[in-house]
Amino acid sequence: ATATGFIQASYYNFNSQFVNPNNPGQTPFGYKVSNDIIGPIHDHTFAFKVDLDVVSEENDFQLIHWKYGNVMDALKTVKKENITFPGYFFHNQTRYVEWEHVKNERALDIDSKNPKFWTFVNNNKPNYWGVSRGYRLVPMHSGTQNIQDDHPEAQHLSFTQHHLTVTKRKENEQYVKPIYNPGNTKDPEPSRKYVENMVDGESIENTDIVAWVALGFLHIPTAEDVPMTTKVTSGFTLKPFNFFDKTAVFDIPSHAVGVNKTKYDEEPAELPCQFIPFSVQG
């Protein structure tokens, strides 16, 4: 998702006590960006509901931790007993991955110091190599909301508190937040729930699960945002994660455009080697 447009400016009062006396163009709430206006700080958050069924509805959520430690730590991720230090490692320090099978509904945040892969897998349907087929949800860099519970609008912004929330799919949990007045009991129940209320400890093992993704960015408008703001993008990618037996690129029909603008679309095929007879004279 991409955001751009005209900023919602505020009046710049030179005599305000919030104006920095050492730099009159600065206030705690934004810079002066044009005549008599400041660009107030704000954020943009995009929320997505990802109802992803990998092969079937019987899915699991798996965290893959990218870790650093010694060789024995890595070995213990797959075997707990009767282990010995392998002699073919040059160093005892190494990087490795550790799998965490998430059993219950959970909210997560991006942590660049402790990288994690967010994967949705089908443990009942392995690929040709015996690995659970899955998809990885890859978030773009995202700003983190810092509004606390004492803010009057904290309830309505609660979906921004976490970058990812994984819940069991339910028909009465359709939206990330109420789309109408949550106190109006005449509105349909699915339109009156907050995502934070959906995380109630239910099992998400081998079942139909939903990912609620909230990503965005913090915006401090500057002079370059007038008259129109610069484009800023945030979102995520759904990437096959052992879903196929090999790269799916070769399943795509070939396509070419020649100098005469003629287009060719055909199924990819391996051409056999051909023997071309020739003769030598003289």
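Procedures and definitions
- Residues numbered from 1 in each chain as written.
- Predicted model: local features only at pLDDT ≥ 70, side-chain atom pairs only at ≥ 80, totals over all residues.
- Heavy atoms only, no water.
- UniProt positions renumbered as here; feature names shortened; annotations may be inferred.
- Pairing = 2+ DSSP bridges.
- Helix = DSSP H or I, 4+ residues; strand = E, 2+ residues; numbered from the N terminus.
- Patch = residues over 30% accessible without salt bridge, like charges linked within 9 Å, V, L, I, M, F, W, Y side chains within 5 Å.
- Areas by Shrake-Rupley, 256 points an atom, 1.4 Å probe, with all protein chains shown as cover.
- Salt bridge = Lys/Arg side-chain N within 4 Å of Asp/Glu carboxyl O.
- Buried < 20%, exposed > 50% of the residue type's maximum accessible area, 1.4 Å probe, protein only.

- The name an unreviewed UniProt entry assigns to the protein chain is Amine oxidase, from the organism Magallana gigas.
- The protein chain has a UniProt comment under Sequence similarities (unreviewed entry) that states "Belongs to the copper/topaquinone oxidase family."

Thoughts on the pairing of strand β4 (residues 30–34)
- Across two bridges, the pairing between strand β3 (residues 26–27) and β4 is antiparallel. Following the sheet pairing, Gln 26 is matched in β4 by Tyr 31.
- Between β3 and β4, which pair antiparallel one after the other, the connecting turn spans two residues.
- Two strands pair when backbone bridges link them, and β4 and strand β5 (residues 37–40) are joined in this way by four bridges, in the antiparallel orientation. Residue pairing across strands places Ser 34 opposite Ile 37, the latter belonging to β5.
- Counting the residues that bridge the hairpin from β4 to β5 gives two residues, and of these Asp 36 lies at a positive phi of roughly 65°.

Looking at a nonpolar patch on the surface
- Taken together, the side chains of Trp 66, Val 78, Val 97 and Trp 99 make up a nonpolar region of the molecular surface, amounting to roughly 410 Å² of accessible area.
- Classification of Trp 66 as partly exposed rests on a relative accessible area of 41%.

Observations concerning the pattern of salt bridges
- A full pass over the atoms with the stated rule returns six salt bridges.
- Between Arg 106 and Glu 100 there is a salt bridge whose closest N-O contact spans 2.8 Å.
- Residue classification places Arg 106 among the partly exposed residues on the basis of a relative accessible area of 28%.
- Ionic pairing is found between Glu 173 and Lys 193, a salt bridge with its closest N-O pair at 3.2 Å. Residue Glu 173 is found in the loop between β12 (164–168) and α2 (195–198), and its partner Lys 193 is found in the loop between β12 and α2; the two are separated by 20 residues along the sequence.
- Taking relative accessible area as the criterion, Glu 173 reaches 2% and is therefore assigned buried.
- Ionic contacts of the salt-bridge type, sharing partners, join the residues Asp 51, Arg 169 and Glu 171 into one network.

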